[in-house]
Structure formats: structure tokens, C-alpha cells
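Coordinate inspection notes
For reference, the chains in residue letters:
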Amino acid sequence: MIVIMFRVLIVAAIILLTYSIIQYFRNPQRLLENAKETKGFYYLDEQDNSKRNIQFVYKGCQFEGEKYVGTTEDSFEILDIYVTVVNPLELQGITREDLYFLEQELLIRYPHAKINWKHPINKLLLTK
């Protein structure tokens, strides 16, 4: 009887360990940090939840976008997105074309939205 209980506990421990490892590798925050370290692009958003901010990383720079709901002719949509950078020192090396790329990525997901870049990003877009 004790041997059977011990085997059941071993199987349960293996299942719990496997589940924990899978959850670790699927964690969105970890994926966001990984993209930041590798200077890649990663987009994290819950499109069904308008109260949850957008987070994305591009070329090692982390951005955050606040979504605001408004009305269109037919329905309620995300109409305004205010994007700011988490750490302004990370903006080094980001070009105007990079910001246009990020804007297009946001517009793919929210076609009715107007993208508003907050300081200091808006200074790069205003200068020619």
C-alpha cells in the first residue's frame, strides 16, 4: 500500500514539475524580457480587455500604450492609443522609420485608432 502511494506521489510530482516548466516558458512577461535582451520585436496585448495596457519591445526598447475606447459609426472601438517609452535612455538607436513600423503594427491590430506618441518620442516625429 505504501509503495502504491509513493508511486502516485512520484507521478504527481512529475506532472506538477512538467506543468511548471511549460508555464515558465509560456509566461508573456518572460517573453517580453527575452525580446528586450535579444533586441527583437514582441507585442503583448489583450485585445478583448480595453483596460489592460499594450506592452511591446522593439530593438531593446520597451514601450507601453494606453488604450481608450470611443465610438465609431457602428460600434465601440479603441480610438486612441497613447504610447510612451518605459525608459527614455533605451531610445538610443531608434529611428523615425522604426516608429513608423511600430505605428503600423498598432494600426494592424486597431485600425480605427489614432496613435499619439508621448514625450520624448513625439519630438523625433515633429522634427524634419
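All values reported here derive from a predicted model rather than from experimental measurement. (Residues numbered from 1 in each chain as written. Predicted model: local features only at pLDDT ≥ 70, side-chain atom pairs only at ≥ 80, totals over all residues. Heavy atoms only, no water.)

**Observations concerning the overall build of the chain**
- Looking only at helices and strands, the chain features four helices and five strands.
- Going from N to C terminus, the chain has its helices and strands arranged as α-α-β-β-β-β-α-β-α.
- Whereas a compact globule of 128 residues would reach a radius of gyration of roughly 14 Å, the chain reaches 21 Å, over 25% beyond that.
- Considering only C-alpha atoms, the chain reaches an extent of 75 × 40 × 20 Å along its principal axes.
- Summarising the internal contacts of the chain: among those between residues at least 6 apart in sequence, 47% fall at separations of at least 24.
- Total accessible area on the chain stands at roughly 9100 Å², and carbon and sulfur atoms take up 59% of it.
- Charged side chains in the chain number 15 positive and 16 negative. The centres of these two groups are separated by 6 Å. (Helix = DSSP H or I, 4+ residues; strand = E, 2+ residues; numbered from the N terminus. Rg over C-alpha atoms; globule rule 2.2 N^0.38 Å. Contact = heavy atoms within 4.5 Å. Areas by Shrake-Rupley, 256 points an atom, 1.4 Å probe, with all protein chains shown as cover. Lys, Arg positive; Asp, Glu negative; His and termini not counted. Charge placed at Lys NZ, Arg CZ, Asp CG, Glu CD.)

**Some thoughts on the confidence of the model for the chain**
- Looking at the chain as a whole, its pLDDT mean stands at 90, while 98% of the residues score no less than 70.
- Within the chain, helix α4 (residues 121-126) has the poorest average pLDDT of any element, 76, and strand β2 (residues 54-58) the best, 94. (pLDDT = per-residue confidence, 0-100.)

**Here's the deal with helix α2 (residues 28-38)**
- The opening residue of α2 is Asn27, an N-cap whose side-chain oxygen sits 3.0 Å from the backbone nitrogen of Gln29.
- Count one or two residues on from α2 and you reach Lys39, which has phi positive near 60°. (Polar contact = N/O pair within 3.5 Å; in protein donor to acceptor, adjacent residues only side chain to side chain.)

**Let's talk about the packing of aromatic side chains**
- Under the definition given, this model contains eight aromatic pairs.
- Between the aromatic rings of Tyr24 and Phe25, the centroid separation amounts to 5.2 Å while the plane-to-plane angle is 75°, which identifies the pairing as edge-to-face.
- Taking the centre distance of 5.6 Å and the plane angle of 70° together, the rings of Phe41 and Phe101 count as edge-to-face. Of the two residues, Phe41 sits in strand β1 (residues 41-44) while Phe101 sits in helix α3 (residues 96-109), which places them 60 residues apart along the sequence. (Phe/Tyr/Trp six-rings, centres within 6.5 Å; stacked < 30°, edge-to-face > 60°.)

**Let's talk about the nonpolar core**
- In terms of nonpolar packing, the biggest core is built from 21 residues, with Phe56, Phe63, Ile81, Val83 and Trp117 touching the most fellow members.
- Mapped by element, the contributors of at least two residues to this core are β2, β3 (61-71), β4 (76-85), α3, β5 (114-117) and α4.
- Examining the composition of this core, we find that four residues originate from one element, β4, more than from any other. (Core = buried A, V, L, I, M, F, W, Y, C linked by side-chain atoms within 4.5 Å. Buried < 20%, exposed > 50% of the residue type's maximum accessible area, 1.4 Å probe, protein only.)

**Considering the sheet that holds β4**
- Read from one edge to the other, the open sheet built from five strands follows the order β1-β2-β3-β4-β5, with strand pairing classed as mixed. The open sheet has two edge strands, β1 and β5, and neither has a second partner. Ignoring which end each strand starts from, the neighbouring axes of this sheet average 20° apart.
- Of the strand pairs in this sheet, β2 and β3 are connected by five bridges, and their pairing is antiparallel. Within β3, the residue paired with Tyr58 across the bridge is Cys61.
- In the packing of α2 onto the sheet, the strands contacted are β1, β2 and β3, and the crossing angle to β1 comes to about 155°. (Pairing = 2+ DSSP bridges. Axes fitted to C-alpha atoms, helices over the stretch in contact; angles between N-to-C directions.)

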